[in-house]
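# Close look at the chain arrangement
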There are 4 protein chains.
Amino acid sequence: MVEVAVVGGTGYVGGELLRILLQHSDVEVGLITSRRMAGEYVYRVHPNLRGYTNLRFEKPDLNRLSEFDIILSAAPHGAMLNQTAELVGMGVRVIDLSADYRLKRPELYEKYYGFTHPHPDLLEKSVYGLPELHRAEVKNAQLIACPGCTASAAILALAPLSKLIDSCTIVMDAMEGSSARGAEPSQASHHPERANVVRPYKPVGHRHTPEIEQELKAFSGKEFKVALSTFAVDVVRGILTASHVFVEADKATLWRTYRSTYGREPFVVLLRDYKARYKLPDPKIAVGTNRCYVGFEVDPDYGRVVVLSAIDNLIKGSAGNAVQCLNIMLGLDERKGLDVIGCHPI
Amino acid sequence: MVEVAVVGGTGYVGGELLRILLQHSDVEVGLITSRRMAGEYVYRVHPNLRGYTNLRFEKPDLNRLSEFDIILSAAPHGAMLNQTAELVGMGVRVIDLSADYRLKRPELYEKYYGFTHPHPDLLEKSVYGLPELHRAEVKNAQLIACPGCTASAAILALAPLSKLIDSCTIVMDAMEGSSARGAEPSQASHHPERANVVRPYKPVGHRHTPEIEQELKAFSGKEFKVALSTFAVDVVRGILTASHVFVEADKATLWRTYRSTYGREPFVVLLRDYKARYKLPDPKIAVGTNRCYVGFEVDPDYGRVVVLSAIDNLIKGSAGNAVQCLNIMLGLDERKGLDVIGCHPI
Amino acid sequence: MVEVAVVGGTGYVGGELLRILLQHSDVEVGLITSRRMAGEYVYRVHPNLRGYTNLRFEKPDLNRLSEFDIILSAAPHGAMLNQTAELVGMGVRVIDLSADYRLKRPELYEKYYGFTHPHPDLLEKSVYGLPELHRAEVKNAQLIACPGCTASAAILALAPLSKLIDSCTIVMDAMEGSSARGAEPSQASHHPERANVVRPYKPVGHRHTPEIEQELKAFSGKEFKVALSTFAVDVVRGILTASHVFVEADKATLWRTYRSTYGREPFVVLLRDYKARYKLPDPKIAVGTNRCYVGFEVDPDYGRVVVLSAIDNLIKGSAGNAVQCLNIMLGLDERKGLDVIGCHPI
Amino acid sequence: MVEVAVVGGTGYVGGELLRILLQHSDVEVGLITSRRMAGEYVYRVHPNLRGYTNLRFEKPDLNRLSEFDIILSAAPHGAMLNQTAELVGMGVRVIDLSADYRLKRPELYEKYYGFTHPHPDLLEKSVYGLPELHRAEVKNAQLIACPGCTASAAILALAPLSKLIDSCTIVMDAMEGSSARGAEPSQASHHPERANVVRPYKPVGHRHTPEIEQELKAFSGKEFKVALSTFAVDVVRGILTASHVFVEADKATLWRTYRSTYGREPFVVLLRDYKARYKLPDPKIAVGTNRCYVGFEVDPDYGRVVVLSAIDNLIKGSAGNAVQCLNIMLGLDERKGLDVIGCHPI
């Protein structure tokens, strides 16, 4: 039994980490931190955990954290940036679910996050925690930077195709549930305002863009530009990405490419089945699971391939994917704690 | 490993039985039947099961079914009424999720279901499959009649109180999700008509009424009248019941009563915690679990107790509860296959 | 053309007042106040008003307000309590949409709102602004206290019945949309937490209880106790009330009673039509209108009548009802600005 | 007062036509037809119309229809194809809301609708009923073919830009509510299956594609290819289109272009206001209105313009737009019956 600490435990990602780890047969949560809720029972914030844990939130303390071999950090971007560096320096293995160490090029932090990154050296060393692309590096990583939720779905949709096609600009629209914006109330998240929307959230300039491009390049060796737009829709969980790629490709080649990339992946499911009730990816059937559904459609009239991917943003898009990395780091079966069949309908 | 058959596998209850049993370490599904979908892969109807089973639906056949020791039957009311009797006669243990064998008094079938029950003897023998009230009988039952979804929530809400108070009429309102009406499309379930409703579904005359009264009597020895009204609300899963009982009772007595009844129940959770974000039962936090949340509020101005209960209608209200019975019948830990932490938010 | 002022214009009730009055052929909004948003264009807060007005919010100022003959006040409870008294003292007619002057018995403010009412004399003079019960008094009122949203639906449901039956305790459950809680974001209204709920909001002690009892007494001369519980459901607009009354009554008598009370009311619609797709009241079909749908069901087994009513909480439950009062005060056709057919499906 | 007939009155478009026309001061509905519901009161199918009309559905009969000067036809595609031709031949002016006469090139009916068009001559004569592009022709048209719902939003989004840029391929994603699929229940529209989806509906090959391309060409004289994909989201009403155009354009030029095209249009609202709560088009604020909100965002990093448009699919996407055409044909103010402020929040 490995004991880990979870930093930033009051948010939705922190809650999901706890939910998964409390059901994990080889891992135990020894510490859960929260500045604001320190002293409070975890189950009062995360109602689903009532009866499963008597943990209380504790204030984050570097000394205490440094006693753990592995820390999962779900604090907001920037909040633990320096502490993460310190902890890594003290030999702690950190799985960072924030954006703090995702981008290899420090200048992109200035452009997309508005600050000068203080640890460019660590950016080089960090491993982008998407097992499907970096399984081997994850195994021995000291610092894992888990993907953004939209980025997970985007990269898994496009990686196989990126090997097949030339560098180009890809248009991608992503539709996202409200939990992707976190647990903090705001005017925009107020139910009467957020219900029934189909709201342009980031038509341009989305922060996940550089991660997607970075990883497609790392995987394929080619430079793709991903013109991403994101939209808020009226679900709590779920992301659908739709990518438009102008390339002549037949279905058989696409199937072959996607199958050869993902055939043995435990959490990527290819879905394009016109005899089934759910014919193509839809986050409705990914909710509650660590799965990424991937499918595509060919548009011969326009020389276009539309690639679709669907995830639960809090699981494969965040906490589940992090636990998948944790399993790899610990040499466990990757599916440990994650091999749950989703509910339908939900 | 016990092999069971599931009858009536294309509905939502059938799908949930499969979902739960496919994750159950001691039970295997050997056969799944459907008249209409015979020959089709199960995962084409239940999209969540893709990758977890290659079972296909088979036509229901009595000879084939009689080879199993235990059958779970999720066919519509009446569809398997006689076959169930035959199977029981052949020594098969049947867990019936329909209403066919729930009511002890045959005349109630005429009133509420519109037919003369052909097997009144079996009504006597059948065990009402609510473990919290009938655990010992479930263990050795030949025929288990699982509760209706609303009835499960209603009985668990009121049973403890029924011991405390005199016979009386109790007003109960229940608000229910769309999956409680089954998998068959209709004008009333068409999304544009069903979304955004707060629709009186059965203001009077609900079929679950007699089960609730029967079980409260069995538990308390007293005659209660439960004036039930049900409403359709815009969720897919979930039932909330609110019962109004006019009795002078203090919180401490109520707590004591509910705790002594449910203190060791694995799936009943008492919830009345004004320091928590979810202070009282809400199906939102029961979805995906076999839990029944029970809480109450005292209204000194009106001499009233309001008892609240919340379940996932497809799990504790149906398939999960049936598997809990199955575990008891097999002498397994009741939580086998069911001890899953729900997702939040969802 | 009558010029009115709207106080407290940034909330949802203020927005609805503006929407209705901007389409009213005989009334003009001369001033709209907001402390927090003073200087801002109204259409930036209320997006539906873009293109219909160039009004800006102004700070509330008593001198300025006193220039108007009629003021509609949608400020939060307590915020304008004294100013309202001053304005009335200066001869301004005030239509108050807050709870400040609804209750005739000052001690109820202590119990339900937690303060000692400073103007008990004005409580006597104020007219409870429900035209169906107080049309004649509304006409000449100096101060109108508009009903709470749940109270409007509750009173219209029960008033006719109250004449028919003896004093008794009535159980009422009300299910309500998120806009009934106002425009201020909170943890409880955060979309991921508020979506998919069936949440006990006020199982006991709801503030609208005393208004309902007061008005039933005023109408029938009898003392009824209304044991109200309210629930939050996942719609933006709408309230359904369900009242349980134990009385032997046949359908014909009930029809007669309701028809004779509401037969000429422009905004009360009796609905109990088993040949129609919408057979009983449902707020889904009231949304966007000033209608209150009222229906009932008789339960001979339990000697019970279930009365149902459905409104749009922001219209008949608030702003629309206030404009109906305004029309009466001005001697206009009551339907002016309000006679809009709702959209279906929505 | 002009008397018109409405053909195909039981669907959602038929219902909206009735709703709008019943509130129109210069038009009266003299006949409403339905094969299936003949004899039934209109208000039993369209619950919002209760109290506003005592019309009953009548069987469609050509002789009876030919007595009207103007007919609005909301029958399904193909159902009235020949009758429309006959009626036009008899001098009746027909506003056809189906796809039957939208496409100028008959061969596109074979490709997209699967039949050989029997009246290619009428295709030439019919006027595409989008007032913003064809106001003058609408005025004297004998046969108006109203746009598809997605097409309305798409064309209004792109028309201004089409004048500014060269021929190219434009990627467009559209997210749509459930009412856009009509009033007929199906497996896909069953609430438990349709709620919470973000479902690829037509990733390729959408039938509205050729109308969009036809109209952009008619407006700009250039050939655009519009690679359209559509998605079903969990709202009842509303369409958002997002178009990605790779062109270097500055905001000022775009503003100028859009303003000069739509500056005087009564129902097109330019929305790009970062000081407002709703900064860009969102169907949430178009619901219940005949408005099309249009906005855009410039992406300098990718040389991209993202154009956004939002409508209520049943109003500006269908019935409202048809009445706008009717007003033009009758020489009335275009806003007659349509100038309604939408509710917010809804």
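None of these values were measured; they are calculated from a predicted model.

## Looking at the interface of chain D and chain A
- With 39 residues of chain D at the contact, the number on the chain A side is 39 residues.
- Taken together, the elements giving at least two residues each to the side of chain D that touches chain A come down to β7 (169–176), α9 (191–194), β8 (198–202), β9 (225–233), β10 (239–246), β12 (292–299) and β13 (304–311) of chain D.
- Considering each element in turn, the side of chain D that touches chain A owes the most residues, 5 residues, to β9(D).
- Among the residues forming the side of chain D that touches chain A, the class breakdown is 21 nonpolar, 7 polar and 11 charged.

## What to know about the pairing of β10(D)
All names here are of chain D.
- Of all the 8 residues making up β10, 7 are buried; the element is thus mostly covered by neighbouring parts of the structure.
- Across 6 bridges, β7 lies against β10 in antiparallel orientation. What sits directly across from Asp-173, in β10, is Ala-242.
- The sheet contact formed by β10 and β13 spans 8 bridges and is antiparallel. When the bridges of β13 are listed, Val-245 appears paired with Val-305.

## So, the relation of the copies chain C and chain D
- The two copies are related by a screw operation: chain C maps onto chain D through 180 degrees of rotation and 0.0 Å of translation along the axis, at an RMSD of 0.0 Å. What the superposition gives is, in effect, a two-fold axis relating one chain to the other.
- Taken together, the interface assignments show that 100% of the residues at the interface of chain C recur at the interface of chain D, consistent with an identical surface on both copies.

## Description of the domain arrangement of chain A
Residues and elements named next belong to chain A.
- In terms of domains, chain A is made up of domain 1 (2–146 + 318–329) and domain 2 (150–311).
- A straight line from the C-alpha centre of domain 1 to that of domain 2 covers 25 Å.
- Contacts between the two partners involve 17 residues from domain 1, matched on the other side by 17 residues from domain 2.
- The set of elements that each furnish at least two residues to the side of domain 1 that touches domain 2 consists of α5 (107–113), α7 (131–140) and α12 (319–329).
- Among the residues forming the side of domain 1 that touches domain 2, the class breakdown is 9 nonpolar, 5 polar and 3 charged.

## Observations regarding the packing of helix α8 (residues 149–164) of chain B against helix α10 (residues 209–220) of chain B
Residues and elements named next belong to chain B.
- With their axes 9 Å apart at the nearest point, α8 and α10 run at an angle of 30 degrees to one another. Relative to α10, α8 is oriented roughly parallel. The two elements α8 and α10 meet at a crossing, and its hand is right-handed. Where α8 abuts α10, its residues Ala-151, Ala-154, Ile-155, Leu-158, Ala-159, Ser-162 and Lys-163 lie against Glu-211, Ile-212, Glu-215, Leu-216, Phe-219 and Ser-220.

Rules used throughout
- Residues numbered from 1 in each chain as written.
- Chains lettered and ligands numbered in written order.
- Predicted model: local features only at pLDDT ≥ 70, side-chain atom pairs only at ≥ 80, totals over all residues.
- Contact = placed C-beta atoms within 7 Å.
- Helix = DSSP H or I, 4+ residues; strand = E, 2+ residues; numbered from the N terminus.
- Nonpolar A, V, L, I, M, F, W, Y, C, P; charged D, E, K, R; others polar.
- Buried ≥ 20, exposed ≤ 12 C-beta atoms within 10 Å, placed from the backbone.
- Pairing = 2+ DSSP bridges.
- Least-squares fit on C-alpha atoms with pLDDT ≥ 70 in both.
- Domains from an automatic or database assignment.
- Axes fitted to C-alpha atoms, helices over the stretch in contact; angles between N-to-C directions.
- Parallel < 35°, antiparallel > 145°, perpendicular 65-115°, else oblique.
- Left-handed = near helix turned anticlockwise from the far one by under 90°.

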